[in-house]
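Examination of the molecular architecture
Given next are the chains, with one letter for each unit.
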Amino acid sequence: MGTAATSFPERNAAEVADLVLAPETTAPEVRARRVWQRRQMYIGQVASYSLGGAVLLLYAYDGAVSMAVPTLFWVGGLLIIGTFTVLSEAGFGDRFDDHYLTVYQISLHMALQLVFLLAVPTIGVAFLAVLFLIFAFGTLRMTSSQAMLTWGLATCGLTVVFLGSDLPIGLPVATRLQRTASMLCFVLVIGQCAFLGLFGATLRKILYKRSIELKAAYRRIEELAELDELTGSYNRRCIMRLLDTEIEKSRRASTPFAIALIDLDWFKRINDAYGHPIGDEVLRTFAITIFANIRPADSFGRYGGEEFLLLLPDTSGDVALRTLERLRGIVADLDWGAFSPSMRVTISAGVVTLRDVDTADTFLARADSALYSAKARGRNCIATS
């Protein structure tokens, strides 16, 4: 009859999902949502006690219990609900992890059922049935320790009722009205249990949806952590990690591995002459052009400023040189006049292949030396060492 079951399962389940997944549960919007959800829960409890009181009225009208029983039952339920409503509006529960104060709610609702079970044992089975509903609600929110605690309290209470007294606990079915009231007791409990099942199913769906969203967000964060914000290429930290990985793979598989350190010629002059916004667009255009003309297995990242590192796994020195000559020609032939009629952009690169004695540092040092040679030869060319 009376129960702590809540209404509006989709919204309440969404709130529980937020509490599970939100990293800042004390944020103002979360606190406001908590208050709103608790209000809905208390409205559902009032409705539940009202329905229970209506069933008791049928028993009282038939003479099975006193007319005072439904009134006292309803008032007792409202007192419990009102107490927790006042605490909720005052924000008392927000200082606890379980802001619903689930153990206290379940204990008081359970105590109310046991009091009426002792006071009106002739319809005691109706109150016992509600205990299952109260615990079904609790399992949606309780931790294992809370469940053990409330189970212990219920055990003590039931021990008093069954072993500490010889009261005849029953369910009246002598008249048609009594049978109707008894039927409604179980119909209400079963219906509210089904409602809680709907809540649980909704919660699982929302949690699953939120987990998918979190995974997608996490993947996006990982991508952003690896990418250079301006050009979309790998950032220095990521491309250096990939360099170490490719060196290990090359040595393990005994396959050739080449790298190219690429520099945009006279890039400082471009910034000075056309401004940094145009310089940024040049870098973006260059990166897009390289991406469009390398293999999926190749890796391209920003090494620093206008210098970029291209990793060419399973590539010999001759093939690497031809690849970089092709890329150099593509960049030089682009229509840079879209940025300024007089603009011309070229690249220089140093290409080297992995040697047995190379570390990542010496490998890069040789590439840098080759790049320096390309610049010394007048730029817009490829050199090796």
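Scoring rules and cut-offs
- Residues numbered from 1 in each chain as written.
- Predicted model: local features only at pLDDT ≥ 70, side-chain atom pairs only at ≥ 80, totals over all residues.
- Heavy atoms only, no water.
- 1 Å grid on protein atoms, 1.4 Å probe; cavity = no way out; pocket = protein on both sides within 12 Å on 5 of 7 lines; lining within 4 Å.
- Points joined across faces, edges and corners; volume = space filled by probe spheres on them.
- Helix = DSSP H or I, 4+ residues; strand = E, 2+ residues; numbered from the N terminus.
- Nonpolar A, V, L, I, M, F, W, Y, C, P; charged D, E, K, R; others polar.
- Buried < 20%, exposed > 50% of the residue type's maximum accessible area, 1.4 Å probe, protein only.
- Pairing = 2+ DSSP bridges.
- pLDDT = per-residue confidence, 0-100.
- Contact = heavy atoms within 4.5 Å.
- Salt bridge = Lys/Arg side-chain N within 4 Å of Asp/Glu carboxyl O.
- Polar contact = N/O pair within 3.5 Å; in protein donor to acceptor, adjacent residues only side chain to side chain.

Some thoughts on empty space enclosed by the protein
Applying the stated criterion to the full structure yields one cavity of 30 Å³ or more. If you add up the space inside the largest cavity, you get close to 30 Å³. Secondary structure elements with two or more residues in the lining of the largest cavity: helix 2 (28–62) and helix 3 (68–89). Sorting elements by how many residues they give to the lining of the largest cavity places helix 3 first, with three residues. In the lining of the largest cavity, the residues fall into five nonpolar, three polar and one charged.

Points about unusual backbone geometry
The phi torsion at Leu101 lies on the positive side, around 55°, for a residue other than glycine. Note on placement: Leu101 falls in the loop between helix 3 and helix 4 (102–119). The class of Leu101 is buried, set by a relative accessible area of 9%.

Some thoughts on the pairing of strand 2 (residues 299–304)
For strand 2, the buried fraction is high: five of the six residues fall into the buried class. Where strand 2 meets strand 3 (residues 307–313), five bridges bridge the pair, whose relative direction is antiparallel. Considered in strand 3, the bridge of Gly301 is made with Leu309. What sits between the antiparallel neighbours strand 2 and strand 3 is a turn of two residues, in which Gly305 has the positive phi angle 60°.

Observations concerning the confidence of the model for the protein
Looking at the protein, the pLDDT average stands at 87 and 92% of residues meet or exceed 70. Taken together, the stretch residues 3–25 has pLDDT below 50 and engages in 70 contacts with residues farther than four places along the chain or on a different chain.

Quick word on the pattern of salt bridges
If you walk through the whole model with that rule in mind, you get 12 salt bridges. As a salt-bridge pair, Arg34 and Asp94 come within 3.5 Å of each other at their nearest N and O atoms. Within this pair, whereas Arg34 is found in helix 2, its partner Asp94 is found in the loop between helix 3 and helix 4, the two being separated by 60 residues in sequence. Residue classification places Asp94 among the buried residues on the basis of a relative accessible area of 18%. The partner of Glu226 in a salt bridge is Arg241, with the nearest N and O atoms 3.0 Å apart. Here the residue Glu226 occupies a position in helix 7 (residues 176–226), and Arg241 occupies one in helix 8 (residues 236–253), the gap between them amounting to 15 residues. The network of salt bridges with shared partners includes Arg34, Arg38 and Asp94.

Some details on the side chain of Arg366
Structurally, Arg366 is set in helix 12 (residues 360–376). Take Arg366: its relative accessible area is 12%, and that puts it in the buried class. Among the polar contacts listed, one links the side chain of Arg366 to the side chain of Asp358, at a separation of 2.5 Å. Excluding anything up to four places from it in sequence, Arg366 contacts Val352, Thr353, Leu354, Arg355, Asp358 and Ser385.

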